[in-house]
Amino acid sequence: MSKRKVKETHMPVGECISQVQMILRERFCHQRLPEKPVGMESQHKHLLELLRRTAVHGESNSVLIVGPRGSGKTMLLNCVLRELLEVKDVNKNVLPVHLNGLLQTDDRIALKEITRQLNLENVVGDKVFGSFAENLAFLLEALKKGDRSSSRPVLFILDEFDLFAHHKNQTLLYNLLDVSQSAQAPVAVIGLTCRLDVLELLEKRVKSRFSHRQIHLLSSLSFIQYLDNVRSQLSLPQDFPDTKFYDEWNDSIKTLCEDQSVVDVLQRHYNSSKDFRSLHLLLMLALSRVSASKPAIKPTDLLEASRVCMVDSKANILHGLSILELCLIIAMKHLNDIYEGEPFNFQMVHNEFKKFLQRKSHSIHNFDKPVVMKAFEHLQQLELIKSMDSSTAKIQKEYQLMKLLLDHSQIMEALQKYPQCPTDVKQWAMSAFG
Amino acid sequence: MFVGLLLSRYLNMSVEGQEAVTTVTPGQYILIEGNDDEYPFVAKLLKFFGDESHKQKKALVQWFLRLSEVPQNKKLLLGRSPHPQEIFYYLGRACDNEINAESILGTVHVRQDNSPDTLYVKLSWDTKAFNVLDPVLMQDTPASTPPKPALPLFPPCASPTATPVAGSVSDTRATMSAGKRSTLEAESIHSASKLSASKILSAKRRGSAADTPGVRKKLQLSIGASECLYCLFNILFSPFFPELRKELRNSVCFPCFLIQVTPSTPRHATPSIPSRTVPARQPGNILDEARARLHVSSVPESLPCREQEFQDIYNFVESKVMDGTGGCMYISGVPGTGKTATIHEVIRCLQHASDMDEIPTFRFIEINGMKMTDPHQAYVQILQKLTDQKVTADHAAALLEKRFSNPAPKKETTVLLVDELDLLWTRKQNVMYNLFDWPTRRHARLVVLTIANTMDLPERIMINRVASRLGLTRMSFQPYSFKQLQQIITSRLNKVKAFEEDALQLVSRKVAALSGDARRCLDICRRATEICEHSASHPSSTGLVRMSHVMEALDEMFSSSYITAIGCASLQEQLFLRAVIAEFRRLGLEEATFQQVFVQHRALSRVEGLQPISVSEGLAVCQRLGACRLLLLEASRLDMLQRVRLNVSQDDVLYALKAVRD
């Protein structure tokens, strides 16, 4: 670090904190590409070599990148593209075309998008002229006219590749892969998907034209590496303006990662999923609790963030129910116990509820049937119960068969936390049979 | 670029263009600058006159058309193939017969009898039909030309495309399909552009000398706005200046008033991929070379292993071409067995033979069921490849029907290759019916070669009358045996020594056992060269692709990734899979609801000493496994009641989980 920098290191804490938040948020939310993808060196090399050969030698290729959600498929591809475009001869030569199966839901839209991104001559401004058939013929003609040595290579990047396989006749895939296997303009077809069985979706002719190169991104990250990653993700970069704060922050992160409760929280997250996207969510929540008065992440922040991440959404809804609705839920629970998960209807629930009122209840007064019905319907709207009949069947509301979408543990947990729950209701819930 | 500049340049130049030196006299036939340097417009000069300001010489002409200038869809009206030197007397009224004297290129001879080297005229064209030319019209009487209405200020097609009101942008799609527009309108655009093209060209030629880029003459206000617009439209609508139009695509600014011009429809767009600035690098080392040769796209010197099929198809097509008859052939075979490649090879050889005058000439057309959006597009594509016409599917079917059923002299045989035939299936099967019916017509001279994957396609999907017309000329391509695959690779490599002999044999045996797909075989070899290249840094490597490299490539391509995926899954995901199996065992079924599995999951995590997870988390775990398709799930809105199935065999799961624990 230069002398000049050491001199002007003193920044107010507030400014430092806002700097920190900016840097880390960019890491966690804006999907900033890391310098080098972690734990996928061989895949990185394979893909880079492949695309480089397309870009430099004009060799057509096709490849699939397969990995579970959040495993870094897009990150890997973007890293490779970034690296590829840094090569001097390449960046002016390749034409990347980005498609996404969720956006281009059929071949017509996909073709228009390809034509638009390639900016062929039937594109004016943002509009693509011609019918679907014309567009297809035009694109194929354009690709056919090209040749290996003189046309610019086109990189077709198909995100959510499996969705393209659902298009009618798989026309687009057939044609792209056919171009990649014939002496036409050089193309690279890169598919990204999380489905391991993606090849089984391809029609036999399409499958034969695919080169069967698959790059699997399956993280075999150990917990130690995971922990290292957390540390490096939270640490500040070397060029942070305030050196004093830089040291303090990085030291505090180091001690944070050695704290046993933090390690436990992270272990729990690691056990549940290894992907970095859910980790980023957790760290983001912890980061948001940092302020000028508390300029470091404390173990409690991480515990709190983890609690927010892990919370059961259904239990949360249960906290907001009225006592009547809660009673109905308990009645349903008992019905489930008695009939071993068979569906029930409103009348059964109401009977169960009335039995409780007559026998045990002192605190809950008798509700009219329409009021109970209303509460029942509210539960249905919250999707805590679900109708088993098809919607076409005309059955009176009272006799529609329903199923409870809650687990016993969720109900009991909610009862424990429910504010000022009457004791007799609690006891009713705990008792074995109604 | 601003139109203002363009117009001022034109005006500026037309002032200077007085000293045109031409020695033409009225009554002579002249050539006028047009869109095509080789084929300038032809006209007969009627008289000279000066324009209103007496600054510019103008001329009155009688136009003659070449067949290339007749609209596409009217060319058939001639009913015969035209002589390249034939021109037609133009009787239409839409074309302005005033031209600038400067645009005259020179004189030309035009006769009324058929002579090989000069232009001749026999028919007249009145925008609707060809008629025999009245000889009176050709006599040298300038006065006999019929008076013609002045060209309207706005060509009829201009109104939907551009409006002189600022800011209003009309839908450009209105002018998109030329087929819908009436013939008269199409004709008028054509003729209007004829005039404007010559104007602009001459203006451009002289302007290049006089104009410097720095000088921007202000447009004089005396010029009528309508005149400006007219010029502008001419420029916009002339198809000859793509570069001008490109510049004008953006909104155009006028010095006197602002107009917005919507982008013009790219009617003459040429399909092409931009070319690269640096040429592609050539393969450097032996492995690169081998890889290039092994790419499926590289055309081999010869097609080994399909000699018998080649000979059969060759004989079939050759005999049909020789006899001038028609016929159908059905070729089947699994993907990657060289069906299309063999036919292309046959056609290449036949073309060669016809070049050597051994057999009559023939046309080869190829369509592919997968490369069209709808079976009826087959007609459109065939017609476009035959005659370069662009029409709708119904019209194309009618035209093809006419073409193949009517006798015509000097008709050459057409060889039509229909790839992926099964995709041309329609409910009424009329596309297939027509394709197989045309060859049976007496005058059709059509040979249809069809390709599909299944051998029994005609019996399975075709109704009797279609299958019967297809006939029984069938051929099936068997999957390649390992010897053939080996031969294919060796012949492709063509003495480039990159593979060990054993390695080649392993690839070909493996592929032959699986599918016999030559593409797969070549792809594996290519991947093996890459792996070899990566491991080339080892001191022990010989630079040749060895067994180990091929094994690795085979592993990559054929091994199932499920087991690795289970091994790499997170702890909770693995636990969930165990819970699924435990629940299946308990139920004795291969299906369970999430709720049931979750109970097992909770019990298992207690056994393992893990903190039990909440239902939400459990569902998330389940969804993640479902996204990878390790599990098959019902729609997620069923929540806890969604049913769960394994997409892998239970043994695989247990094997993978055991491997993890050890």
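Residues numbered from 1 in each chain as written. Chains lettered and ligands numbered in written order. Predicted model: local features only at pLDDT ≥ 70, side-chain atom pairs only at ≥ 80, totals over all residues. Heavy atoms only, no water.

- Going by the annotation in an unreviewed UniProt entry, the name recorded for chain B is Origin recognition complex subunit 1, with Oncorhynchus kisutch given as the source organism.
- Looking at chain B in UniProt, the text filed under Sequence similarities (unreviewed entry) is "Belongs to the ORC1 family."
- Word for word, the UniProt comment on chain B under Function (unreviewed entry) is "Component of the origin recognition complex (ORC) that binds origins of replication. DNA-binding is ATP-dependent, however specific DNA sequences that define origins of replication have not been identified so far. ORC is required to assemble the pre-replication complex necessary to initiate DNA replication." (UniProt positions renumbered as here; feature names shortened; annotations may be inferred.)

- Per an unreviewed UniProt entry, chain A carries the name Origin recognition complex subunit 4 and comes from Oncorhynchus kisutch.
- A UniProt comment under Subcellular location (unreviewed entry) is attached to chain A, and it reads "Nucleus".
- Here chain A is described in UniProt, under the heading Subunit (unreviewed entry), as follows: "Component of ORC, a complex composed of at least 6 subunits: ORC1, ORC2, ORC3, ORC4, ORC5 and ORC6. ORC is regulated in a cell-cycle dependent manner. It is sequentially assembled at the exit from anaphase of mitosis and disassembled as cells enter S phase. Interacts with DBF4. Interacts with POLQ."

## Comments concerning the sheet that holds strand β19 (residues 643-646) of chain B
Residue and element names in this part refer to chain B.
Alright, step 1. Spatially, three strands are ordered β17-β19-β18 in an open sheet, and the strand pairing comes out antiparallel. Each having just a single partner strand, β17 (592-593) and β18 (631-633) make up the two edges of the open sheet.
Alright, step 2. Bridging between β17 and β19 involves two bridges; their strand directions are antiparallel. By the bridge assignment, T593 is partnered in β19 with R643. (Pairing = 2+ DSSP bridges. Helix = DSSP H or I, 4+ residues; strand = E, 2+ residues; numbered from the N terminus.)

## Some remarks on the nonpolar core
Alright, step 1. Ranked by internal contacts, the top residues of the largest apolar core, which has 75 residues, are L118 of chain A together with I273, F576, F594 and L631 of chain B.
Alright, step 2. The next biggest cluster of nonpolar side chains, apart from the first, holds 37 residues, and it includes L386, A396, V466 and A467 of chain B. (Core = buried A, V, L, I, M, F, W, Y, C linked by side-chain atoms within 4.5 Å. Buried < 20%, exposed > 50% of the residue type's maximum accessible area, 1.4 Å probe, protein only.)

## Section: the sheet that holds strand β5 (residues 154-159) of chain A
Residue and element names in this part refer to chain A.
Alright, step 1. Spatially, five strands are ordered β2-β5-β6-β1-β7 in an open sheet, and the strand pairing comes out parallel. Of all the strands in the sheet, just β2 (95-100) and β7 (214-216) have a single pairing partner and so form its edges. The average angle at which neighbouring strand axes cross in this sheet is 15°, direction not considered.
Alright, step 2. Sheet strands touched by helix α6 (residues 107-118): β2 and β5. Its angle to β2, the strand with the most contacts, is close to 155°. (Axes fitted to C-alpha atoms, helices over the stretch in contact; angles between N-to-C directions. Contact = heavy atoms within 4.5 Å.)

## Looking at the pairing of strand β12 (residues 327-333) of chain B
All names here are of chain B.
Alright, step 1. With seven of seven residues buried, β12 is to be regarded as a mostly interior element.
Alright, step 2. Alternating positions in β12 separate into two faces, G327, M329, I331 and G333 on one and C328, Y330 and S332 on the other, with burial throughout.
Alright, step 3. Relative to strand β15 (residues 446-452), β12 is paired through six bridges, and the arrangement is parallel. Within β15, the position partnered with Y330 by the bridge is T450.
Alright, step 4. Here four bridges tie β12 to strand β16 (residues 474-477), and the two strands are oriented parallel to one another. Its bridge partner lying in β16, G333 is registered against F477.

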